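# Observations on the three-dimensional arrangement
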Amino acid sequence: MRLIFSYMNKFEALGLGEAIIKAVNDMGFETPSEVQEKAIPILLKEDTDIVALAQTGTGKTAAFGFPLIEKIDSNSRITQGLILSPTRELCLQITNELKNYSKYIPGLHTVAIYGGASITDQAKQIKRGAQIVVATPGRMQDMINRKMVDITNISYCVLDEADEMLNMGFYEDINTILSHTPEDKNTWLFSATMPKEVSTIAKRFMQTPIEITVGHKNTGSKNVSHEYYVVNSRDRYAALKRLADANPDIFSVIFCRTKRDTQKVAENLIGDGYNAAALHGDLSQNQRDLVMKSFRNRQIQMLVATDVAARGIDVDDVTHVINYQLPDEIETYTHRSGRTGRAGKSGVSMVIVSKSEVRKIRSVERIIKKSFEKKEIPSGEEICQVQLFHLASDIGKAEINHEIDSYLPSINEVLEEFSKEELIKKFFSVEFSRFHNYYKKSRDLNAVNEREGNSGSDGSTRYFINVGEKDGFDWMTLKDFLKEVLELGSDSLSRVDVKESFSFFNTNTEHQERVLQVFEDFRMEGRKVNVEISKDSGRRGRRRRDNDGGFKGKRRSDGFKPKGRKRFDSKEDRGSGGNRKRDRRKRSDRR
Ligand code: ADP
Ligand code: MG
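Residues numbered from 1 in each chain as written. Chains lettered and ligands numbered in written order. Predicted model: local features only at pLDDT ≥ 70, side-chain atom pairs only at ≥ 80, totals over all residues. Heavy atoms only, no water.

### Points about the overall build of the chain
- Looking only at helices and strands, the chain features 21 helices and 20 strands.
- The 591 residues of the chain split such that 53% are buried.
- Here the analysis covers contacts within the chain between residues at least 6 apart in sequence; of these, 78% occur between residues at least 24 apart.
- When the accessible surface of the chain is summed, it comes to about 29,100 Å², and 49% of that surface belongs to carbon and sulfur atoms. (Helix = DSSP H or I, 4+ residues; strand = E, 2+ residues; numbered from the N terminus. Buried < 20%, exposed > 50% of the residue type's maximum accessible area, 1.4 Å probe, protein only. Contact = heavy atoms within 4.5 Å. Areas by Shrake-Rupley, 256 points an atom, 1.4 Å probe, with all protein chains shown as cover.)

### Observations concerning helix α19 (residues 475–486)
- Counted at 1.5 Å a residue, the expected span for α19 with its 12 residues is 16 Å, and the 16 Å between its end C-alpha atoms agrees.
- Where the residues of α19 are buried, they touch β15 (460–465), β16 (493–498), β17 (503–508), α20 (512–518) and β18 (522–524).
- The N-terminus of α19 is capped by D474, whose side-chain oxygen sits 3.0 Å from the backbone nitrogen of M476.
- Looking one or two residues beyond α19, the residue adopting positive phi is E487, at roughly 55 degrees. (Expected span 1.5 Å × (residues − 1). Polar contact = N/O pair within 3.5 Å; in protein donor to acceptor, adjacent residues only side chain to side chain.)

### Concerning the sheet that holds strand β14 (residues 373–375)
- Ordered in space as β10-β11-β9-β12-β13-β8-β14, the 7 strands form an open sheet in which the pairing is parallel. The sheet is open, and its two edges are formed by β10 (276–279) and β14, each paired on a single side. Pairs of neighbouring strands in the sheet enclose a mean axial angle of 25 degrees, with direction left out of account.
- The sheet contact formed by strand β9 (residues 252–255) and strand β11 (residues 302–305) spans 4 bridges and is parallel. Bridged to S252 within β11 is M302.
- The strands touched by helix α11 (residues 259–271) are β9, β10 and β11; relative to β10, the strand with the most contacts, the crossing angle is about 165 degrees.
- Contacts from helix α15 (residues 358–368) reach β8 (224–230) and β13 (347–353) within the one sheet, and its direction differs from that of β8 by about 170 degrees. (Pairing = 2+ DSSP bridges. Axes fitted to C-alpha atoms, helices over the stretch in contact; angles between N-to-C directions.)

### Here's the deal with the site of ligand 1
- Of all residues adjacent to ligand 1, which total 15 residues, the nearest are T31, Q36, G57, K60 and T61.
- Contact between ligand 1 and T31: a nitrogen atom at 2.9 Å from a main-chain N or O atom of the residue.
- A distance of 3.2 Å separates an oxygen atom of ligand 1 from a polar backbone atom of G59.
- Relative to its unbound accessible area of 570 Å², ligand 1 is 75% covered by the protein chains.
- Classifying every residue of the shell around ligand 1 by side-chain character gives 3 nonpolar, 9 polar and 3 charged. (Near = heavy atom within 4 Å. Nonpolar A, V, L, I, M, F, W, Y, C, P; charged D, E, K, R; others polar.)

### Here's the deal with the packing of helix α10 (residues 236–245) against α11
- α11 packs onto α10 with a crossing angle of 55 degrees between their chain directions and a minimal axis gap of 12 Å. The angle between α10 and α11 falls in the class oblique. For the pair α10 and α11, the crossing hand works out as right-handed. Contacts between α10 and α11 involve Y237, L240 and K241 from the former and V265, N268 and L269 from the latter. (Parallel < 35°, antiparallel > 145°, perpendicular 65-115°, else oblique. Left-handed = near helix turned anticlockwise from the far one by under 90°.)

### A word on a nonpolar patch on the surface
- On the surface, I404, Y407, L408, I411, V414, L415 and L423 cluster together into a nonpolar patch covering about 610 Å² of accessible area.
- When you line up the elements, V414 lands in helix α17 (residues 408–415).
- Residue V414 is classed as exposed on the basis of its relative accessible area, which comes to 58%. (Patch = residues over 30% accessible without salt bridge, like charges linked within 9 Å, V, L, I, M, F, W, Y side chains within 5 Å. Salt bridge = Lys/Arg side-chain N within 4 Å of Asp/Glu carboxyl O.)

### What to know about helix α8 (residues 171–179)
- Listed as buried for α8 are D173, I174, N175, I177 and L178.
- Its buried side turned inward, α8 meets β2 (81–84), α6 (137–145), β5 (156–159), α7 (162–167) and α9 (196–205).

### Some points on the packing of aromatic side chains
- All told, the structure shown has 16 aromatic pairs when counted by the stated rule.
- For the pair F11 and F66, a centre-to-centre distance of 6.1 Å together with 80 degrees between the ring planes defines the contact as edge-to-face. Residue F11 is located in the segment before α1 (18–27), and its partner F66 is located in helix α3 (residues 60–71); the two are separated by 55 residues in the primary sequence. An identical accessibility class is assigned to F11 and F66; each is buried. (Phe/Tyr/Trp six-rings, centres within 6.5 Å; stacked < 30°, edge-to-face > 60°.)

### So, the pattern of salt bridges
- As enumerated under the stated definition, the model contains 20 salt bridges in all.
- With a shortest N-O distance of 3.8 Å, K470 and D471 are connected by a salt bridge.
- Judged by relative accessible area, D471 falls into the partly exposed class, the value being 26%.
- In this structure, the salt-bridge partner of K483 is D480, at a minimum N-O distance of 3.8 Å. With a gap of 3 residues between them, K483 and D480 both fall in helix α19, about one helical turn apart.

### Some remarks on the nonpolar core
- Of all hydrophobic cores here, the largest spans 38 residues; its most connected members are F66, I83, W188 and F190.
- For this core, the element with the highest residue contribution is α3, accounting for 6 residues.
- With near-sequence residues (within four places) excluded, I83 lies in contact with F64, L68, I94, L98, I132, V133, V134, A135, V158 and D160.
- By size, the runner-up hydrophobic cluster in this structure holds 36 residues, among which are V111, I126, M165 and F170. (Core = buried A, V, L, I, M, F, W, Y, C linked by side-chain atoms within 4.5 Å.)

Shown next as structure tokens:
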């Protein structure tokens, strides 16, 4: 016999009704997440605007979905709630969630509206009565223009993933759509980050919103460490492969800026024998589902994705996020790095940058309030070591296939004369020589100043100075310091390159004497600061270009090969709307 205790479910305690509680139980939610705990009681009790900031994957959908469903009158067929969301995927995801939440509320209908599907079908569904409409801004505009939807009586408008909608250039659409809604509705804004565009929206469209922040504003997961690698632009791809090869068990999402780059990088990786695939908006829904399925069950180790396509991916155990390029909007970095370090696991977010982009790393640091570690792209030798030990440990862990037993005597005969040590060496040579041969002729991919030189032909002189990162300098602060002590303008100082314990910089050659004079006997906190004209011509980077494309044609041969990558023009969110055209090309290339 079971004893049944009656106690108040934690969701009931938030004030939710029976029908939703039943659905919550079906879904297996036990404890409300922090954003749910904070937002739901407020939204249930008060008629207020709200701005809620919480990371991706923290349960924001239910945080607005539960109270919205509670407040909707399912007896009326009027559209009462509008949810705007940036992409078709999210639109469908939210709609499905809401349908799940409201499955015990007869007569409550949620309809999804998004580009790339029949607008008349969507109009029909609305006509049958949809109290809640979940829409992408583009398609919503179209339907308003064609009078296929009436939002003049809504009581609630949810702006979900507001930061992403603005990133995608939907500001004007949102503006127009909201102008068709009543003044006295409540607006609920949910976002992972709060860039100034989001605060602008909040100021413009909301009345004294209550603000809820979960965790630290704009902060990435504690479990994620951030690293960056400086390479010459043309070495980006080779660097990516080194990073993958140095992490044999990598399970990663690789972010590119555009669909074209995404496709290209994925194709190259596949061509080079990696288990990789592309995920972007030019793939059909079907193809995308297939890719995601292969990723989830690990047939794909490297998922190359655009920011938009990767939105809403919730796959645990991603070990690495690799920023093949930094995002255009640095706020987006938070979303990217949030793909790893989930479910209590630790993760690494790596950024490959060219030298001119290093300063962007500083801006990202300010946003995530964490610092990056500058790392070196591993050398061929390091990679060989890693791979070798990985192979050894794989062999150690391998389960023995006893079908081999019957052949053992004859195998023994062949190998009889060798000691254990020799056997190991031979085995590894068979398995490893190709890899090793490939990498032994590889070059250093870490960017060095190519054009730097002492009295260069460009009329500048390069100097060595014995202060660096360990003295707390980065290139900006060192430049400021030099400007001040040398009394030089910004234009006269260039190529400030800070290393761990020393640095380099250039001045116009005409200032050479002054520089040497100032630093002849210069002390900083008691320590002598030494400046010399650099003997390093800085031309290391000009060495022979041996075609370092990373290792080719090896290990990951069993992998998933995406089938025919049919291209078609995604119509998603391309309406007839006028002012959207301006942004269209840029936006559509980022999906
Ligand atoms: P966000 O919008 O913040 O990125 P979602 O609303 O998409 O996050 O939720 C992420 C996942 O967590 C979904 O699969 C959702 O079903 C699940 N989830 C949400 N709330 C809870 C909860 N209280 N308990 C367990 N799982 C939850
Ligand atoms: Mg969400």
